[in-house]
Every structure is written in C-alpha cells, then in structure tokens.
Amino acid sequence: MLLWVNIFLLVIEFLLLKKINKLFTPLGLFVLIWLIALLFLPFAEEYYSYKVSDRFYLFYLALTSVNIFLLVFSGNNNKNVERKQYNRKYLSKLGRANDLVLILTTLWVGLFFIDVFRKYSVLWLVNPVELREMFFDGRADLIVGASYSKLLLYLSTFFSCALIFYGNKKKRLYLPVILALMFATAYLGRNEFFKVIMMYVCALHTKYEWSMKRWVMIGGTLFFVLIFMSSLLNKENRYADNRNSFISAIEAIGCYASGSIIAFDDHISTSTELTYGTSTFYPLLRRLGSQVSPPNYTEDYIGNINTFTYLRPFYDDYGAIGILFLVSLFNWILIIFSVKLLRYSSIYMFVIYISIFPVALFSIQGFELQSIEFFSSVLYCLIICYLCKFKFVCL
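Residues numbered from 1 in each chain as written. Predicted model: local features only at pLDDT ≥ 70, side-chain atom pairs only at ≥ 80, totals over all residues. Heavy atoms only, no water.

Colleague: What exactly am I supposed to notice about the overall build of the protein here?
Modeller: Scanning the protein for helices and strands turns up 15 helices and zero strands. Here the protein holds 395 residues, and the buried ones make up 52% of them. Taking contacts inside the protein between residues at least 6 apart in sequence as the whole, the part at least 24 apart equals 77%. Here the protein displays about 19,200 Å² of accessible surface, and carbon together with sulfur accounts for 66% of that area. (Helix = DSSP H or I, 4+ residues; strand = E, 2+ residues; numbered from the N terminus. Buried < 20%, exposed > 50% of the residue type's maximum accessible area, 1.4 Å probe, protein only. Contact = heavy atoms within 4.5 Å. Areas by Shrake-Rupley, 256 points an atom, 1.4 Å probe, with all protein chains shown as cover.)

In structure tokens:
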C-alpha cells in the first residue's frame, strides 16, 4: 500500500512539473528515474526474494511530500531571461584553457585505451566481468590509471559544454563524446559515457530549447546503447544459463535500478554506527587534505548489486535525521535549479546546473558528488573559470 502511495505522490510531482513546463530539468529527470524504479520494485522484490520494509516507504513518503510542498511554494519563473554576456577576451581565454584540457584528455584516455587492449584484449572478449573487477580492485597493471582519465574527461566536458552554450561552434568541442565512448569501451563501464552524454544533451537543450520529439529520439537511442553495453557485461551469464543476452540485459537493468532500493533497505536495517560527515563530504575532505577513508561500497549485496541509492551517505552520517533534513536540502537545491533560471545568470551557475543532471540521473544508484573525480572536475572547472577573469592568467 505504501509503495503505491509513494508512486501516486511522484505522479503528482511529475504532473506539477509538466504544468509549469519544467519536465526537462534535473528535478524532472530525478522524478522520472525514481518513478520507474518504484514501478519496477515489485519485480525486483520477487527476483531477489526480498520484501522492502515500511520504514523505507515512510522515509521516502516524507521526502516526496516535502518536495511537493517546496515545489508548490517555490514559485515559477517562465520569463525570457537572457544569458549573461561575457567579453570575447574572457571566452577566448576559456577556449584556450579548454584546448589544453582537451589535449591532456585525449592523450590520457588514448593511452588508457591502448594499454587496456594491449594487455587485456583476450580477457576483455572472454570474461569482461572479471576485467571490470580488476579495475575496481586495483589489480589491473596499467601505465595510465582510470581515475585521472575520468577526471580529465569530466573536466573537458564541463568546459566544452559551457563554450557551446556561450556560442562557440568549433567541432572539437564535441571530442569528449568520442573520448567517453573510447573510455567506456575499454573500462567496460556505462556510467561515464552516460554522464558525458547527459551533460551535452543538457547544454544543447538549454541553448536551443529542444522539442519533446527530439527528447524521445535521444532517450530511445540512449536506451538501446545502454542495452548493448549491458549485453557485453552479461556475456558470462548468457552462456551460463543459455538465455538471450538482450533479454538478460533488460532484466539486469530493471532489477539493478530497483535492486539499489532493496540494498539500501537491508542496509538501514543492519547499520548502527554513524560516521558524522565523512561519507557525505568525503571528496571535499580529501581535497582539504584529510586522510579520511573512502566509503566502502565495493562488496556486492546480492547478485550484482553494490549500489544503495543517493540516500545512503546521508543515512550513514546522520541516520534518519540525515535523510529527512539533508536529503530535503539537496532536493530543494534540485528544485531551485530546475524552477528558477539560475543557469542563465553566469557561467558558474551553468556549470553547476549541468553537473546536477548526472547527479539526478544516477541518484537511484548513489550520490554522484561522492565520486572524487566528478566532484573535483566541477571544482576545478569553477576555479579555472574564475581565474580566467584576471590578466595574470597567460592563456
């Protein structure tokens, strides 16, 4: 019963966003992802033989109710707001900074791609799951690490999207899309590719105000790309049970998304020790020089599930209070950036705006800003955008 109450409230929130023409925003994406995950939850419960407790539903019911309240009283801003104009000299400096980052990204991702296939091409073809575990465990003997590849990839994407939004039409600004595909192919990962694509789609939609038809075409294309990449990672399971890899991939995606809810529900029923900020603010603490240990999300819960939704770091740090207050604060930020037109006010706000889209997209798996590579790329992009204002920056 509580499941359907939550679904009903999400539908109301979705309709409210449609009414004020704010579906194609971080909040609209967030609501859609969670609505799909909750609709698939009964199938995941059957698949994993697990019943989600009323405790989770009550938590999420409170959060969705607060979201609707904040959305109704946050107002709406549909006025035509012109983007802030920057002088040509500043944008030229930013372009040269981006060119430097693009060169570094191309070299780093290219070396990573070549190194993986030079040493592990057979394993990539025969047992991709084992190779991916080697990447996660740090057992892959590579000259170039995946961590800096991801950081540079995200950083070049932020710069390129910002320059596209402010009128730069150079074709090399789309190079990070090709590099992301190369990295995802070698790394056997979907997330990095979809984050980059999502930020480009966001930048182009914000600039050109794409229609619903184009969004449906993009969504359909990305879905089939996701199915194809999931099929690669399910090759081992396909051979084991003699099942079609396409069907197995669809099942894996559905159960993986809703399975994160199951994993989180099991986690809150057993977790007792609070970490008081070291989980939520891990990337910031590391950048400030703290030697705090990274959150331990590496071990699988059941099957192939090792994600616990974006709620976990807040719960681990502050328990139920963390979910009710800190998550509500995060959701309020989503609402503000979705309803208000802050993205047009400055290049800094635009970078933050496009960075929120991947956070919303992968909220069903985890809190994306916990990724030190993603967090650092946002931080470095904002710092460089600020430094380019000054004459002493020789670019």
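Colleague: Would you take a moment to explain the nonpolar core for this structure?
Modeller: Burial of nonpolar side chains together is a common tendency in soluble globular proteins. Phe30, Trp34, Phe56, Phe112, Phe158 and Tyr310 are the most contacted members of the largest nonpolar core, which totals 110 residues. Here this core gets twelve residues from one element, more than from any other, and that element is helix H2 (residues 26-48). If we ignore the near neighbours within four places in the chain, the residues touching phenylalanine 56 are Trp34, Ile261, Phe264, Asp265 and Leu311. (Core = buried A, V, L, I, M, F, W, Y, C linked by side-chain atoms within 4.5 Å.)

Colleague: Can you help me understand the environment of tyrosine 386 in this one?
Modeller: With respect to the element layout, tyrosine 386 can be found in helix H15 (residues 372-387). You can call tyrosine 386 partly exposed: its relative accessible area is 41%. Each C-alpha atom, one on tyrosine 386 and one on tyrosine 348, is 8.4 Å from the other, the two residues being 38 residues apart in sequence.

Colleague: What is the right way to read helix H1 (residues 2-19) from this model?
Modeller: Look at H1: 26 Å from first C-alpha to last across 18 residues, which is about the 26 Å you get at 1.5 Å a residue. When H1 is considered as a whole, its buried residues turn out to be Leu3, Asn6, Ile7, Leu9, Leu10, Glu13 and Leu17. Down the axis of H1, the smallest arc covering the buried residues is 165°, so these residues share one side. The exposed residues of H1 that point more than 90 degrees off its buried face are Trp4, Phe8, Leu15, Lys18 and Lys19. In this structure, the buried side of H1 is in contact with H2 and helix H3 (54-73). Immediately beyond the C-terminal end of H1, within one or two residues, lies asparagine 21, with a positive phi of roughly 60°. (Expected span 1.5 Å × (residues − 1). Arc of directions from axis to C-beta.)

Colleague: I keep staring at the pattern of salt bridges and nothing clicks. Help me out?
Modeller: Two side chains bearing opposite charge may form a pair once their charged atoms approach each other closely. Following the criterion strictly, the structure yields seven salt bridges and no others. Of the charged contacts, one joins aspartate 115 and lysine 119 as a salt bridge, the two residues approaching to 3.7 Å between their closest N and O atoms. Remark: lysine 119 and aspartate 115 occur in helix H4 (residues 88-126); sequence separation between them is four residues, near one turn of the helix. Relative accessible area serves as the criterion here: at 32%, lysine 119 is assigned to the partly exposed category. Put simply, lysine 150 and glutamate 192 hold a salt bridge, and the shortest N to O gap is 4.0 Å. Residue lysine 150 is found in helix H6 (residues 146-165), and its partner glutamate 192 is found in helix H8 (residues 191-208); the two are separated by 42 residues along the sequence. Residue lysine 150 is classed as buried on the basis of its relative accessible area, which comes to 13%. Judged by relative accessible area, glutamate 192 falls into the buried class, the value being 7%. Here the salt bridges do not stand alone but share partners, grouping Asp115, Arg118 and Lys119 into one network. (Salt bridge = Lys/Arg side-chain N within 4 Å of Asp/Glu carboxyl O.)

Colleague: Sorry if this is basic, but what is going on with the packing of H4 against helix H7 (residues 175-187) here?
Modeller: The description of two packed helices rests on the angle between their axes and on the distance between the axes. Packing of H4 against H7 brings their axes to within 8 Å, and their N-to-C directions diverge by 25°. Regarding the angle of H4 to H7, the classification is roughly parallel. The crossing of H4 and H7 is left-handed. Facing Leu102, Thr105, Thr106, Val109, Gly110, Phe112, Phe113, Val116, Phe117 and Trp124 of H4, the residues of H7 in contact are Leu175, Pro176, Leu179, Met182, Phe183, Thr185, Ala186 and Tyr187. Its residues assigned to classes, the contact of H4 with H7 comprises 14 nonpolar, four polar and no charged. (Axes fitted to C-alpha atoms, helices over the stretch in contact; angles between N-to-C directions. Parallel < 35°, antiparallel > 145°, perpendicular 65-115°, else oblique. Left-handed = near helix turned anticlockwise from the far one by under 90°. Nonpolar A, V, L, I, M, F, W, Y, C, P; charged D, E, K, R; others polar.)

Colleague: Just checking my understanding: could you explain unusual backbone geometry for this structure?
Modeller: Residue threonine 309 is not a glycine yet carries a positive backbone phi of 70°. Here threonine 309 lies in the loop between helix H12 (282-287) and helix H13 (312-339).

Colleague: Could you clarify how one ought to interpret the packing of H6 against helix H14 (residues 347-361) in this entry?
Modeller: Where H6 meets H14, the axes come as close as 10 Å, and the angle between the chain directions of the two elements is 120°. Here H6 lies oblique to H14, going by the angle between them. Considering the relative orientation of H6 and H14, their crossing is right-handed. Residues Phe158, Cys161, Ala162 and Phe165 of H6 form the contact with H14, whose participating residues are Ile347, Phe350, Val351, Ile354 and Ser355. Here the residues of the contact of H6 with H14 are counted per class, giving eight nonpolar, one polar and no charged.

Colleague: Before we go on, may I ask you to explain the environment of glycine 277 in this structure?
Modeller: On the secondary structure map, glycine 277 appears in the loop between helix H11 (245-270) and H12. Residue class for glycine 277 comes out buried when judged on its relative accessible area of 5%.

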